[in-house]
Every structure is written in structure tokens, then in C-alpha cells.
Amino acid sequence: MITLDDLRQKDIYKENSLLYDTVIDTYKSISNHDEGFQIDFIEEEIIDYTNYQEFKWYNKKLEKILKTIQTIKSIDLNKKLDDGFIDLESSTKTLLSESVIFSNDIKTYRSTVTKVEKTIFKSGLLYDFGKLEMEISDLKRNLPKLPLPKIIASFKVTTEVSAGYKDEIRTGLPKEFKRPPIVNGFVFPIHIYGNSCTLYTGLKLAPLMGHGKREEWSFNGVKWEKIDSWTTWNS
């Protein structure tokens, strides 16, 4: 166990203390937990991907995406939808207004509905959207496989110093960071490149009660702010 004040004196914390302090202060439900909280520090291997072969095709991929987008934009969907509804409404009212509905009336109505279906759904729009989805997805599908970060240090932080207090670091480190731990605490990056970073938060109120999130934070020159988040675990 270690107190937060003592952890703040360590070099591993000082490097990005503004970020860490901001996040910890933002999530007081985590940092003020009666049983304390855990902080893991992760480090990513620095690899230069400038010459990654797949990148030479990316301009061509963008050209294909733009071409598909232009094809979709050329389809006057608003007119097709408006005209289609007018036909459906008119045919439906005509059918229902008949004092006696014969089989030929049903056939005529079915024919109109089928015509509207073909005009809207077989115009190529759905195919083109599916094609666009695949083309956009391809931009990330063939990205280089990144090595897993490693947990370099892990601390159990307590708010009070007990009689058995000692500065304790988890053994078995470094180890691969495969997934966020289901604990009350934080996972912080040791090194930050540029003005943004990814970190993880976890709030465990009680057994089988809690959630964890992956978060993107950005530095605006004055302070760190959360810009997005995704749920990573629920219990």
C-alpha cells in the first residue's frame, strides 16, 4: 500500500503529474473509495511505421472511397422517398376506399408496392453503402499489428496510513497489458507523445457492481480534458 502523496513523489508519477492529478480529481468516486484504489502504469514499445508497405496504397484507397461517396450523392434519395410515399399513400387509400375489394385490386396494389420497393431499395443505394463501409473499414483492417503495452509498475493506493503500511509494488512486472483490470482504479500511460493519450478508468463499487472505460484525453495547452470514452467492462 502507498499513499497518493507518497506516490506523487516518485519519478514515474512526476513525469505526467498534471494528467494524473486531473484524472484522479475528476473521478473522486474512484479515488475516495473506502478500500483505496489501484494505479497501473503502462509503457508502449516505440516503433517507426513510416515505411510500412500498406501505406503506399492509402491514396488509392481514398480515391475509391471518394468515388463511392460521389455515386451515393448522385442518387436523389429525397425525391425517391417522397415520390415513393406518395404512390404508397395513394394506392393504399384507393384500395381501402373500394366498397368491395376484388383479387384484381389486390394484384394492382401489390404491383404498386413492389414498384416502390424496387425504386428505393434496388436503386443501388444499399449496395453502394455496403461497398463504402468495406472501403472505409479497409483503412484500419490492414494497419500494422501493434505490440501490447506492458504494465511497468502497479500500486495499491490508500487514503490512510495503517500500522502495517509499506511501499509495495506488485510483483511479476513488467507484464503484457492485454485488457483493463476489473478493479477500482486507473491505468495511466508513462510516456505521452503529442497532446493526447489513452487511459483507462474502473469503478468497482462492490462485487459484480461496476464498470470500466477506455478514455481519450487531450491537452489544450493549459489543462487536460476528456474528449471521448468507450465502455470496456461491466459487472
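Residues numbered from 1 in each chain as written. Predicted model: local features only at pLDDT ≥ 70, side-chain atom pairs only at ≥ 80, totals over all residues. Heavy atoms only, no water.

Chemist: Just checking my understanding: could you explain the overall build of the chain for this structure?
Modeler: Helix and strand counts for the chain stand at eight helices and eight strands. Taken against the 2.2 N^0.38 rule, which gives 18 Å for 235 residues, the C-alpha radius of gyration of the chain at 29 Å runs more than 25% over that of a compact globule. Summarising its shape, the C-alpha atoms of the chain cover approximately 90 × 50 × 35 Å along the three principal directions. Here the chain, with 235 residues, has 29% of them falling under the buried criterion. Pairs at least 24 apart in sequence give 64% of the contacts found in the chain among residues at least 6 apart. Entry remark: accessible area of the chain is about 16000 Å², with carbon and sulfur atoms responsible for 54%. Side chains of the chain give 34 positive and 35 negative charges; the mean places of these two sets differ by 7 Å. (Helix = DSSP H or I, 4+ residues; strand = E, 2+ residues; numbered from the N terminus. Rg over C-alpha atoms; globule rule 2.2 N^0.38 Å. Buried < 20%, exposed > 50% of the residue type's maximum accessible area, 1.4 Å probe, protein only. Contact = heavy atoms within 4.5 Å. Areas by Shrake-Rupley, 256 points an atom, 1.4 Å probe, with all protein chains shown as cover. Lys, Arg positive; Asp, Glu negative; His and termini not counted. Charge placed at Lys NZ, Arg CZ, Asp CG, Glu CD.)

Chemist: For this particular structure, what's the right way to read the packing of aromatic side chains?
Modeler: When we look at a pair of aromatic rings, we describe it by the centre distance and by the angle of the planes. Applying the stated criterion to the full structure yields eleven aromatic pairs. Chaining the aromatic ring pairs together yields one cluster made of Y13, Y20, F37, F41, F155, F186 and F188. Sitting over the ring of W230, R214 keeps its end group 5.0 Å from the ring centre. (Phe/Tyr/Trp six-rings, centres within 6.5 Å; stacked < 30°, edge-to-face > 60°. Lys NZ or Arg CZ within 6 Å of the ring centre and 35° of its normal.)

Chemist: Which parts of the structure should I look at to understand the pairing of strand β7 (residues 209-219)?
Modeler: Strand residues, when the strand is regular, have side chains that alternate between the two faces of the sheet. Here strand β6 (residues 196-206) runs beside β7; their pairing, made up of ten bridges, is antiparallel. When the sheet's bridge partners are listed, G202 is paired in β7 with G212. In this antiparallel pair of consecutive strands, β6 and β7, the connection spans two residues, and L208 shows a positive phi of 65°. Sheet topology places β7 next to strand β8 (residues 224-234); nine bridges connect them, and they run antiparallel. Pairing of E216 across the sheet is with D228, part of β8. Taking the residues between adjacent antiparallel strands as the criterion, β7 and β8 are bridged by four residues, where G221 takes a positive phi near 100°. (Pairing = 2+ DSSP bridges.)

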